[in-house]
Amino acid sequence: MNAAAPEALEVLSEHACFGGVQGFYRHTSSAIGLPMRLGVYRPPQALGAAARPVPALVYLAGLTCNEETFAIKAGAQRVAAELGLMLVTPDTSPRGTGVEGADAAWDFGTAAGFYLDATQAPWATHWRMESYIVQELPALLSLHFPLQADALGVFGHSMGGHGALTLALRHPGMFRSVSALAPIAAPMQCPWGVKAFSGYLGDDRAAWAAHDATELVKAGARTAPLRIDQGEADKFLAEQLHPHQFEAACRDAGQPLQLHRHAGFDHGYYFISTFVEAHLRHHAATLLG
């Protein structure tokens, strides 16, 4: 697959934030075939006369979220400003597709792209989030922002945690640092994953396994040392997330993983905002090293 040519970037809004700028943008995506929106936080180190290229950390959000969710709720800009990290928040799916049924469910279709390229009609035309994240987005960032191109990290939450793990495992070497918060770690074993994979990929379970972090590790895929944080009061833990299966696969395969379990924390942004600083410092240890 060839990298898509970056398009012009429309500024939707920009906001001063901890000495940097939190911006929201729109561009016509070649991979998706529709306009896509994204957020970018530029830290102070990337602004002004002394501006320099900085590492970027791509955050993949979860079901029902968009490019604004993490930027508004997580409180990550303060630490990113201290460390000199750019934060990039792409949207979670194409929007305004005109596809019948795209808005029928909160866990499939709009805002539920699962960070893969769909192969089944009618989704295959626009639901190409893997190509967007790993091909088009880095080129777009390099063209429009002071990106240190060889220092790219990825993390995410829930569906986005699934995306961070699988994209890093499927594209070794692309992301120098990887982490996840309450990821869907074994999607073939949970209702969210089965629904998404059936709709986007069809009935071929081998195709599903190629987008399941646990199965990828079992099959020999490897990535940078991983950090995962999981709340033990998460209502989705038992049925949907299955970090224990991913932990076992990593242990058996020798994939480095730190899995941190936290009593009392649920699935939402109070959990994320509590541990986001630890994740940014996890990435900074590699990206700034």
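Residues numbered from 1 in each chain as written. Predicted model: local features only at pLDDT ≥ 70, side-chain atom pairs only at ≥ 80, totals over all residues. Heavy atoms only, no water.

Peer 1: In this structure, what is going on with the overall build of the protein? I would like to understand it.
Peer 2: Secondary structure summary: the protein contains 10 helices and nine strands in total. Here the C-alpha atoms of the protein give a radius of gyration of 18 Å, agreeing with the 19 Å that 2.2 N^0.38 yields for 289 residues. The principal-axis extents of the C-alpha atoms in the protein amount to approximately 55 × 40 × 30 Å. A sequence separation of at least 24 residues applies to 72% of the contacts in the protein between residues at least 6 apart. Carbon and sulfur atoms make up 52% of the accessible area of the protein, which amounts to about 10,900 Å² in all. Charge-centre separation for the protein: the mean point of 19 positive side chains lies 5 Å from the mean point of 26 negative side chains. (Helix = DSSP H or I, 4+ residues; strand = E, 2+ residues; numbered from the N terminus. Rg over C-alpha atoms; globule rule 2.2 N^0.38 Å. Contact = heavy atoms within 4.5 Å. Areas by Shrake-Rupley, 256 points an atom, 1.4 Å probe, with all protein chains shown as cover. Lys, Arg positive; Asp, Glu negative; His and termini not counted. Charge placed at Lys NZ, Arg CZ, Asp CG, Glu CD.)

Peer 1: Can you help me understand helix α3 (residues 129-144) in this one?
Peer 2: Turn by turn, an α-helix covers 3.6 residues, leaving residues three or four places apart pointing in a common direction. Maximal helix bending in α3 amounts to about 40°, located at Glu-136; proline Pro-138 follows within four positions. Counted residue by residue, α3 has 12 buried out of 16 residues, so it is predominantly covered. Burial in α3 covers these residues: Met-129, Glu-130, Ser-131, Tyr-132, Ile-133, Val-134, Gln-135, Glu-136, Leu-137, Pro-138, Leu-140 and Leu-141. (Bend = angle between axes of the 7 residues up to and from the residue. Buried < 20%, exposed > 50% of the residue type's maximum accessible area, 1.4 Å probe, protein only.)

Peer 1: What exactly am I supposed to notice about the pattern of salt bridges here?
Peer 2: When charged atoms on two side chains of opposite charge get close, those side chains can pair. Per the stated rule, a full pass over the model turns up 13 salt bridges. A salt bridge links Lys-195 to Asp-107, with the nearest nitrogen and oxygen atoms 2.7 Å apart. Placement of the pair is Lys-195 in helix α5 (residues 191-201) and Asp-107 in the loop between β5 (86-90) and α3, with a sequence separation of 88 residues. Given the relative accessible area of 35%, Lys-195 is considered partly exposed. It is possible to trace a salt-bridge network through shared partners that takes in Arg-78, Glu-82, Glu-277 and Arg-281. (Salt bridge = Lys/Arg side-chain N within 4 Å of Asp/Glu carboxyl O.)

Peer 1: Please clarify how the pairing of strand β4 (residues 54-60) should be interpreted in this entry.
Peer 2: The side chains of a regular strand alternate between the sheet's two faces. In terms of burial, β4 is largely enclosed, as seven of its seven residues are buried. Examined bridge by bridge, β4 and strand β6 (residues 147-157) share six bridges and lie parallel to one another. Bridge pairing links Tyr-59 to Phe-155 in β6. Relative to β5, β4 runs parallel, the two being bridged by three bridges. From the neighbouring strand, Ala-56 faces β5, where its bridge partner is Met-86. (Pairing = 2+ DSSP bridges.)

Peer 1: Could you clarify how one ought to interpret the environment of Asp-252 in this entry?
Peer 2: Relative to the assigned elements, Asp-252 resides in helix α9 (residues 243-253). By relative accessible area, Asp-252 is classed as exposed at 66%. In this structure the C-alpha to C-alpha distance between Asp-252 and Lys-218, which are 34 residues apart in sequence, comes to 8.1 Å.

Peer 1: Explain empty space enclosed by the protein here, please?
Peer 2: Over the atoms a probe the size of a water molecule is rolled, and this reveals where empty space is left. All chains considered together, the criterion is met by one cavity of 30 Å³ or more. In this structure, the largest cavity occupies an estimated 30 Å³ of space. Around the largest cavity, the lining residues are Gln-22, Phe-70, Ala-71, Ala-76, Gln-77, Leu-87 and Thr-89. Residues belonging to the lining of the largest cavity are distributed by class as follows: four nonpolar, three polar and no charged. (1 Å grid on protein atoms, 1.4 Å probe; cavity = no way out; pocket = protein on both sides within 12 Å on 5 of 7 lines; lining within 4 Å. Points joined across faces, edges and corners; volume = space filled by probe spheres on them. Nonpolar A, V, L, I, M, F, W, Y, C, P; charged D, E, K, R; others polar.)

Peer 1: How should the packing of aromatic side chains be read in this particular structure?
Peer 2: The geometry of an aromatic ring pair is captured by the separation of the ring centres together with the interplanar angle, meaning the angle of the planes. Within the structure shown, the criterion is met by 14 aromatic pairs. Ring centres of Tyr-59 and Phe-155 lie 5.0 Å apart, and the angle between their planes is 75°; this geometry places the pair in the edge-to-face category. Of this pair, Tyr-59 sits in strand β4 while Phe-155 is found in strand β6, placing the two residues 96 residues apart along the sequence. Across the pair, exposure class does not vary: Tyr-59 and Phe-155 are buried alike. Consider the rings of Phe-108 and Trp-123, whose centres lie 4.8 Å apart with planes at 80°: the pair is edge-to-face. Of this pair, Phe-108 sits in the loop between β5 and α3 while Trp-123 sits in the loop between β5 and α3, placing them 15 residues apart in sequence. On the basis of relative accessibility, which here comes to 9%, the residue Trp-123 falls in the buried class. Through a chain of ring-to-ring contacts, the aromatic side chains of Phe-108, Trp-123, Trp-127 and Tyr-200 assemble into a single cluster. (Phe/Tyr/Trp six-rings, centres within 6.5 Å; stacked < 30°, edge-to-face > 60°.)

So, to be careful, I would describe these as geometric facts and stop short of saying anything about function.
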